[in-house]
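Residue-level structure breakdown
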There are 2 protein chains.
Amino acid sequence: MHGMRVPVPLDHANRLLNHGPTTIVTTAHQARRNVMAAAWVMPLDFTPPKFLAVVAQDTFTRELLDASGECVLHAPTTAQLELTYAVGSHSGRDGDKFERLQIATEAATIVRAPLIAGCAAWLECRVIAEPGIQQRYDLFVLECVAAFADDALWQRGEFRFAPDGPRTIHHSKGGVFFATGERLAARR
Amino acid sequence: MHGMRVPVPLDHANRLLNHGPTTIVTTAHQARRNVMAAAWVMPLDFTPPKFLAVVAQDTFTRELLDASGECVLHAPTTAQLELTYAVGSHSGRDGDKFERLQIATEAATIVRAPLIAGCAAWLECRVIAEPGIQQRYDLFVLECVAAFADDALWQRGEFRFAPDGPRTIHHSKGGVFFATGERLAARR
């Protein structure tokens, strides 16, 4: 099912989220950490790679994001559908979700927030301070400082999913997702 | 293939783009109009519904968006893959793309920009002035003032695609897209 987590050149990092998959966001500050689902995340720029993420003001993730200025964006797979829904349905203020949901993690390479095992993509990010839109819209500009993909799903700079294998997922409405479907190339 | 274009309540408008499909953006100002593909578009808020769109500074769409403060976001279908790629590959400064590509349009209900026939969803939008991020990131905050879906694809407040029917599409990299895949519901 899973391949190796391999580095993705930063100028291709946008391609990890171009297709609009839902994400899982991890954060950490000092001894505290959290994990949350976030559907409203997308690329903003190519080089250096920037991303946008909406993180609501009342969440524990927001508190840790504000405190640390760092996070990791993950693109979970169809095999992580229940996990994605579960981390989006409880607050980390009620107890460590990594322990409760038995989420396997690895250390990131640059940021303090952990990497969740088994995802299709990982993007280590730092917040670019934009206090106006953070306050008005809960909107964060993130610079991606390290990117990785599962090499069983990522080939020659793009996602290539096997017909019956794991794929990224897209949020529709509470608890309902779409798998990423068939690859379609324009004739040009 | 196609159903009727039916209104979507504004508090459900986010669900038209939650799953991260690629979009087509139309704009119009006085006698000029344009159409462009935009992959970096997503919801920002529920009620009133707001969306984010990245529109590069050198485009004709940007000029018309700045001049009019309005646009229509469309979610095209698999049947419109070539159209989506074509409108993203030429500039409207080189001639009217609606005429060249024989794009059928209808009048919108509130804004001046036209609706492209045959899409899965239509969102009439007005720009919320955010000059800082417009200038720094080519990033626009849009308020959706009218929303519609094809009722052959939209049922009881969500997209429901038939196995062999048209679906929304997601941009991967230049000219390569994914169809929206299978619907997956979490167990809860």
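The paragraphs below set out a description of the structure included in this document. Here the structure is a predicted model, which is why all the values come from computation and not from measurement.

Some words on the sheet that holds strand β14 (residues 176–185) of chain A
Spatially, four strands are ordered β13(A)-β14(A)-β14(B)-β13(B) in an open sheet, and the strand pairing comes out antiparallel. With one partner strand each, in any of the chains shown, β13 (169–173) of chain A together with β13 (169–173) of chain B form the two edges of the open sheet. For this sheet the average axis-to-axis angle between neighbouring strands, irrespective of direction, equals 40 degrees.

Quick look at the interface of chain B and chain A
Each partner contributes to the interface: chain B provides 52 residues, whereas chain A provides 51 residues. Together, W40, Y137 and F178 of chain B form the three largest contributors to the area buried by chain B at its contact with chain A, with a combined 17%. Linking chain B with chain A are six salt bridges. One salt bridge in this structure joins R187 of chain A and E82 of chain B, with 3.9 Å as the shortest N-O distance. Viewed at the interface, chain A and chain B are joined by 22 residue pairs in polar contact (both at pLDDT 80 or more). Elements represented by at least two residues in the side of chain B that touches chain A include exactly β4 (41–45), β5 (50–54), α2 (81–87), α4 (131–137), β10 (139–150), β12 (158–159), β13 and β14 (176–185) of chain B. When residues of the side of chain B that touches chain A are assigned to their parent elements, the largest contribution, 10 residues, is made by β14 of chain B.

Observations concerning the pattern of salt bridges
Taken as a whole and assessed by the stated rule, the structure comprises 24 salt bridges over all chains. For E63 of chain B, the salt bridge is made with R32 of chain B, and the minimal N-O distance between the two is 2.9 Å. With E63 of chain B in helix α1 (residues 60–68) and R32 of chain B in strand β3 (residues 32–38), this pair connects stretches of sequence that are 31 residues apart. Classification of E63 of chain B as partly exposed rests on a relative accessible area of 32%. A single salt-bridge network, built from bridges that share partners, covers E158, R160 and R183 of chain A together with K173 of chain B.

So, the packing of aromatic side chains
The final tally for this structure, using the stated rule, is eight aromatic pairs over all chains. A ring pair is formed by F178 of chain A and F161 of chain B, whose centres lie 5.6 Å apart and whose planes are at 45 degrees; its orientation type is tilted. Taken together, the residues F178 of chain A in strand β14 and F161 of chain B in the loop between β12 and β13 connect one chain to another. The exposure classification of F178 of chain A matches that of F161 of chain B, with both residues buried. Where F159 of chain B meets F161 of chain B, the ring centres are 5.1 Å apart and the plane angle is 15 degrees; that geometry is what we call stacked. The pair formed by F159 of chain B and F161 of chain B is uniform in burial state, with each residue classed as buried. Here a set of aromatic residues connected by ring pairs shows up, and it is made of W154, F159 and F161 of chain A together with F178 of chain B. The ring of W122 of chain B has R5 of chain B lying over it, and the distance from NZ or CZ to the ring centre is 5.8 Å. Here the basic side chain of R5 of chain B rests over the ring of F148 of chain B, its NZ or CZ set 4.9 Å away from the ring centre.

Here's the deal with α1 of chain B
Residue and element names in this part refer to chain B. Within α1, burial applies to F60, T61, R62, L64 and L65. Buried residues along α1 sit in contact with β2 (23–29), β3, β6 (70–75), β9 (121–128), α4 and β10. Looking one or two places after α1, you find G69, whose phi comes out positive at around 70 degrees.

Thresholds applied
Residues numbered from 1 in each chain as written. Chains lettered and ligands numbered in written order. Predicted model: local features only at pLDDT ≥ 70, side-chain atom pairs only at ≥ 80, totals over all residues. Heavy atoms only, no water. Pairing = 2+ DSSP bridges. Helix = DSSP H or I, 4+ residues; strand = E, 2+ residues; numbered from the N terminus. Axes fitted to C-alpha atoms, helices over the stretch in contact; angles between N-to-C directions. Contact = heavy atoms within 4.5 Å. Buried area = accessible area lost by both parts, 1.4 Å probe. Salt bridge = Lys/Arg side-chain N within 4 Å of Asp/Glu carboxyl O. Polar contact = N/O pair within 3.5 Å; in protein donor to acceptor, adjacent residues only side chain to side chain. Buried < 20%, exposed > 50% of the residue type's maximum accessible area, 1.4 Å probe, protein only. Phe/Tyr/Trp six-rings, centres within 6.5 Å; stacked < 30°, edge-to-face > 60°. Lys NZ or Arg CZ within 6 Å of the ring centre and 35° of its normal.

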